[in-house]
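Here is what each chain is made of, one letter per residue.
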Amino acid sequence: AQSVTQLDSHVSVSEGTPVLLRCNYSSSYSPSLFWYVQHPNKGLQLLLKYTSAATLVKGINGFEAEFKKSETSFHLTKPSAHMSDAAEYFCVVSFYSSASKIIFGSGTRLSIRP
Amino acid sequence: GAVVSQHPSRVICKSGTSVKIECRSLDFQATTMFWYRQFPKQSLMLMATSNEGSKATYEQGVEKDKFLINHASLTLSTLTVTSAHPEDSSFYICSARDSGGLDTQYFGPGTRLTVL
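The rules behind each value
Residues numbered from 1 in each chain as written. Chains lettered and ligands numbered in written order. Predicted model: local features only at pLDDT ≥ 70, side-chain atom pairs only at ≥ 80, totals over all residues. Heavy atoms only, no water. Disulfide = S-S within 2.5 Å. Helix = DSSP H or I, 4+ residues; strand = E, 2+ residues; numbered from the N terminus. Buried < 20%, exposed > 50% of the residue type's maximum accessible area, 1.4 Å probe, protein only. Contact = heavy atoms within 4.5 Å. Salt bridge = Lys/Arg side-chain N within 4 Å of Asp/Glu carboxyl O. Nonpolar A, V, L, I, M, F, W, Y, C, P; charged D, E, K, R; others polar.

So, the state of the cysteines
Point 1. What the rule picks out here adds up to 2 disulfides over all chains.
Point 2. Between Cys23 of chain A and Cys91 of chain A runs a disulfide, and the two sulfur atoms are separated by 1.9 Å. Judged by the torsion about the S-S bond (-65°), the Cys23 of chain A/Cys91 of chain A disulfide is left-handed. Residue Cys23 of chain A is located in strand S4 (residues 23–26), and its partner Cys91 of chain A is located in strand S10 (residues 87–95); the two are separated by 68 residues in the primary sequence.
Point 3. Among the residues examined, Cys91 of chain A registers a relative accessible area of 0% and is labelled buried.
Point 4. A sulfur-sulfur separation of 2.0 Å characterises the disulfide bridge that pairs Cys23 of chain B with Cys94 of chain B. Between Cys23 of chain B and Cys94 of chain B the disulfide shows an S-S torsion of about 80°. By sign, it is right-handed. Here Cys94 of chain B lies in strand S9 (residues 90–97) and Cys23 of chain B lies in strand S3 (residues 19–25), a separation of 71 residues in the sequence. The two residues Cys23 of chain B and Cys94 of chain B agree in class, both being buried.
Point 5. Cys13 of chain B takes part in no disulfide bond, and the closest cysteine sulfur, belonging to Cys94 of chain B, lies 18 Å away.

Have a look at this one:
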């Protein structure tokens, strides 16, 4: 069965320190992987996506993620957190066999301490 | 590019009335659009897949007669919440899949529905 797990429901870091949001997936197929960000009462904005090209993917706002097949992981990182990064982050997986449907992780709320 | 709009952004209605929410892909064609529902502090729940020119595919547990979906063109899908009740109050988000792309879905800004 296909699934996606975000290991942390809430992450809090100080401004200027690194950010790590964890995501693991389970699939019998080669997935496409995405990270989306959602600010309060807003829709989702695509941060980055992996679609079987380079395993290290760079996204907007300084975020990047690395696809590690051996670990079935796609963790999101940023070297230095900014106050504006405070939001909800969703790891999303798309499986070709699911006819374009995607599976959402449960989300990780990122808080930034001044 | 790849902008999806939703209208209205916020709606308040009385119990028993129907509410229509529009989802438009502004700069690309979308043969497939998706409708999600999001409860406070929770992830998105897929309600249905909207296919241009054909009937929508509903997820298990979603009432077809309550949540009417129409995808009349390659850039527009509508969700109508019929005979709305307070328990239908939620944040509704649509997404559109670029017909020329691969897997990427672009999300609208969402519609906050409050049923009194």
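Details of unusual backbone geometry
Point 1. Geometrically, the link from His7 of chain B to Pro8 of chain B is a cis peptide bond, its omega value of 0° lying close to zero.
Point 2. Here Pro8 of chain B is to be found in the loop between strand S1 (4–7) and strand S2 (10–13).
Point 3. Notably, Thr72 of chain A is not glycine yet its phi reads approximately 45°, a positive angle.
Point 4. Within the secondary structure layout, Thr72 of chain A lies in the loop between strand S8 (64–68) and strand S9 (73–78).
Point 5. Positioned with a positive phi, Ser83 of chain B is a non-glycine residue whose angle comes to about 45°.
Point 6. Counting through the fold element by element, Ser83 of chain B comes out in the loop between strand S8 (76–81) and S9.

Digging into the interface of chain A and chain B
Many analyses report the size of an interface as the accessible area lost when the parts associate.
Point 1. At the interface, 18 residues of chain A touch 20 residues of chain B.
Point 2. Between the two partners, chain A and chain B, sit 0 salt bridges.
Point 3. Taken together, the elements giving at least two residues each to the side of chain A that touches chain B come down to strand S5 (31–38), strand S6 (44–50), S10 and strand S11 (102–104) of chain A.
Point 4. When the residues that make up the side of chain A that touches chain B are grouped by side-chain class, the tally is 7 nonpolar, 8 polar and 3 charged.

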